[in-house]
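# Structure assessment
One-letter residues, chain by chain:
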Protein chains: 2
Amino acid sequence: MRKKNSTPTMKDVALEAGVALGTVSKVINGLPVGESYRIRVEEAIDKLNYQVNSYAQGLKASKTYTVALLIPNTLNPFFAKLTYQINLSLIKRKYRMMLCTTDFDPGAEQEYIMMAQQNKVDGIIGLTYNPDLQVGDNVPFVSIDRSIGSHIPCIASDHFAGGQMAAEKLADLGCKNVAFLRIGSSLSNEPNKRKAGFENGCLARNLQYHLKILQDGDSIHEFEIFLTEHIHDGKLDFDGLFCVTDYIAYEVMKILKKLNIKVPDDVQVIGFDGIQMFGHSDYICSTIIQPVQDIAEMCVRILLQDNTAAKPPLICLPVSYKYGGTTKESAERQD
Amino acid sequence: MRKKNSTPTMKDVALEAGVALGTVSKVINGLPVGESYRIRVEEAIDKLNYQVNSYAQGLKASKTYTVALLIPNTLNPFFAKLTYQINLSLIKRKYRMMLCTTDFDPGAEQEYIMMAQQNKVDGIIGLTYNPDLQVGDNVPFVSIDRSIGSHIPCIASDHFAGGQMAAEKLADLGCKNVAFLRIGSSLSNEPNKRKAGFENGCLARNLQYHLKILQDGDSIHEFEIFLTEHIHDGKLDFDGLFCVTDYIAYEVMKILKKLNIKVPDDVQVIGFDGIQMFGHSDYICSTIIQPVQDIAEMCVRILLQDNTAAKPPLICLPVSYKYGGTTKESAERQD
């Protein structure tokens, strides 16, 4: 083992490689040098286990190889998975992640952005809710699920297609009378398109449908009232429910159990997100899966690409349907 | 709104506060100045919305106000909660978190530590598995759940007490013949003490017990074989099971359902961790809760405290029992 305090310097690397100090510096900063020089320097770096001091390098090269992620929390399994996948996509490119949990606080979101810009991170990826968020254009920013401005690319699942897919799936499975259950913010964002997509799918397939839309802060108990009002002779009017998230599906299924309505025999339930127990075990319900890995990879790719002009304002990535035990399906369809 | 590119400088703050530049610098770097000066500078900082450039400051003051967290992933709900709470504890102290997910890779764990040390983070908090992990003493390090060396404080739940609590709780609830089900690494760490605590509790309460210990990589199916072997005349030999994690409890309950053994009527089940659905909803099972918030707060406090000599080698924090539907309890005991 290397002795303590004998950390190799750039000079040691130059000596080992038999090149000038400036050549080492160029290799480290990704500037052009002759291929044979680059190889010699990289071999010396490996041999000495030389580690670039990224802070010093950051000040010199105006690069920190650090990206800030703004996300409400990592408790919610969807946010937890997104954080994990973005972390992986950054690591792959030798970037580090500064994790900024905002707890949905608009003030915290704005503060983090100012801090991140001042600290000269190379970019920011944000899943934010502040309707008045100010994002300067001195640091690349990619927004997840919400368009912030024309100069900021937004990456999201194709929420509209997901809503439509849920309606069509329920129709395929024999439903005639369905309902959409939603709690969410009134903020205009991509996930809101699930509703429009669902309505579109219902209309296309001649499915009769109801909407029950609650606002953030409303009690989940409102769904119990709604469902109870739609029970006649012990039978629920609906044979299919599309819940805006797997979490809502989970809570709604507890209500259905209480009301003695059986899933999927009496009513089929489809959720949205693709949450798995413990991050890798069973699905909560039959669900529209968000392509979290693809979203993460796309965020990082778009964020770090140099050609700003080529950055599209909105990228919607394809979702997929997954059977999770709350719809009626024959065994061979359950992959 | 402030015009673009007119970011206030330290000079602007000095001018606004009517003090010398050196005074502003002292306040920013936490050096002693007269109280009235400090207040004037802080007011000027607020008024101008001056943001410290922490990278430049970091190089000058040898402080980066950044802590690295090494954790396998944020998919596992326990890791996700730990990440979230450590993040909150750091934010409270105006520190930032560099998130380093290791995916249990010993090489990645070692690499991150070297990177973190080279990048002069102010400290590292690590939940690691590499048995040969080398941690220098040039950067403060706090280890979660595993003693790495006498110079590195280890913070953990009181896993022994938790195991004992599970046994005693099962005894209190009328169990006579119990079993402990575990999958885990052979690595010596704090969570392993759950077993010894459980045995201790069983002996103290004259509870007959079996142990079924699987190694990482073994199939959960082994538990099904074990349980099936202990069914006689359709009845399970055990009336209580302590599962080493809530995840194992979840998987074991699926097996019990398949074997037509009813929880909690035929067998009571207690897990460990305190995982909640979606991070905030129902508990998976009756469980021994790890005090994640206290662990996070203690990690950050110990990591950032200056007095190294006062850092204890091992801190065990109290766990608690929570009813979660898989034990027999009267309604009034279910808080």
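Residues numbered from 1 in each chain as written. Chains lettered and ligands numbered in written order. Predicted model: local features only at pLDDT ≥ 70, side-chain atom pairs only at ≥ 80, totals over all residues. Heavy atoms only, no water.

## Considerations on the overall build of chain A
Scanning chain A from N- to C-terminus turns up 11 helices and 14 strands. What you see for chain A is a C-alpha radius of gyration of 25 Å, clearly larger than the 20 Å of a compact globule of 335 residues, by over 25%. With the C-alpha coordinates of chain A rotated into their principal frame, the extents come out at 90 × 45 × 35 Å. Buried positions account for 53% of the 335 residues belonging to chain A. Taking the intrachain contacts of chain A between residues at least 6 apart in sequence as the baseline, contacts between residues at least 24 apart amount to 66%. (Helix = DSSP H or I, 4+ residues; strand = E, 2+ residues; numbered from the N terminus. Rg over C-alpha atoms; globule rule 2.2 N^0.38 Å. Buried < 20%, exposed > 50% of the residue type's maximum accessible area, 1.4 Å probe, protein only. Contact = heavy atoms within 4.5 Å.)

## As for the sheet that holds strand E12 (residues 286-289) of chain A
Residues and elements named next belong to chain A. Ordered by their spatial adjacency, six strands build an open sheet running E7-E6-E10-E11-E12-E14, and the pairing between neighbours is mixed. At either end of the open sheet lies a strand with only one pairing partner, and these are strand E7 (208-215) and strand E14 (320-322). Between one strand axis and the next, the sheet turns by 20 degrees as a mean value, whatever way the strands run. Sheet analysis places E12 next to E14, joined by three bridges and oriented antiparallel. When the sheet's bridge partners are listed, Thr-287 is paired in E14 with Lys-322. Lying over the sheet, helix H10 (residues 246-258) contacts strand E6 (177-184), strand E10 (240-243), strand E11 (268-273) and E12, oriented at roughly 155 degrees with respect to E11. (Pairing = 2+ DSSP bridges. Axes fitted to C-alpha atoms, helices over the stretch in contact; angles between N-to-C directions.)

## Description of the domain arrangement of chain A
Put simply, an interface is often sized by how much accessible area is lost when its parts join up. Taken domain by domain, chain A comprises domain 1 (10-52), domain 2 (66-157 + 293-317) and domain 3 (159-291 + 319-334). Here the C-alpha centroids of domain 1 of chain A and domain 3 of chain A sit 58 Å apart. (Domains from an automatic or database assignment.)

## Let's talk about the nonpolar core
A:Ile86, A:Leu241, B:Ile86 and B:Leu241 are the most contacted members of the largest nonpolar core, which has 141 residues in total. Filtering out sequence-adjacent residues up to four positions away, A:Ile86 remains in contact with A:Leu69, A:Met97, A:Ile125, A:Ile144, A:Ala296 and A:Val300. (Core = buried A, V, L, I, M, F, W, Y, C linked by side-chain atoms within 4.5 Å.)

## What to know about helix H10 (residues 246-258) of chain B
All names here are of chain B. In this model H10 runs 19 Å from its N-terminal to its C-terminal C-alpha over 13 residues, within 8% of the 18 Å that 1.5 Å per residue would give. Of all the residues in H10, the buried ones are Asp-246, Ile-248, Ala-249, Tyr-250, Glu-251, Val-252, Met-253, Ile-255 and Leu-256. Lining the buried residues of H10 we find strand E6 (177-184), helix H9 (221-229), strand E9 (235-236), strand E10 (240-243), strand E11 (268-273) and strand E12 (286-289). (Expected span 1.5 Å × (residues − 1).)

## A look at the side chain of A:Thr102
Structurally, A:Thr102 is set in the loop between strand E2 (96-101) and helix H6 (106-118). Leave out the neighbours within four places in its chain, and A:Thr102 touches A:Leu70, A:Ile71, A:Pro72, A:Ala108, A:Glu109 and A:Tyr112.

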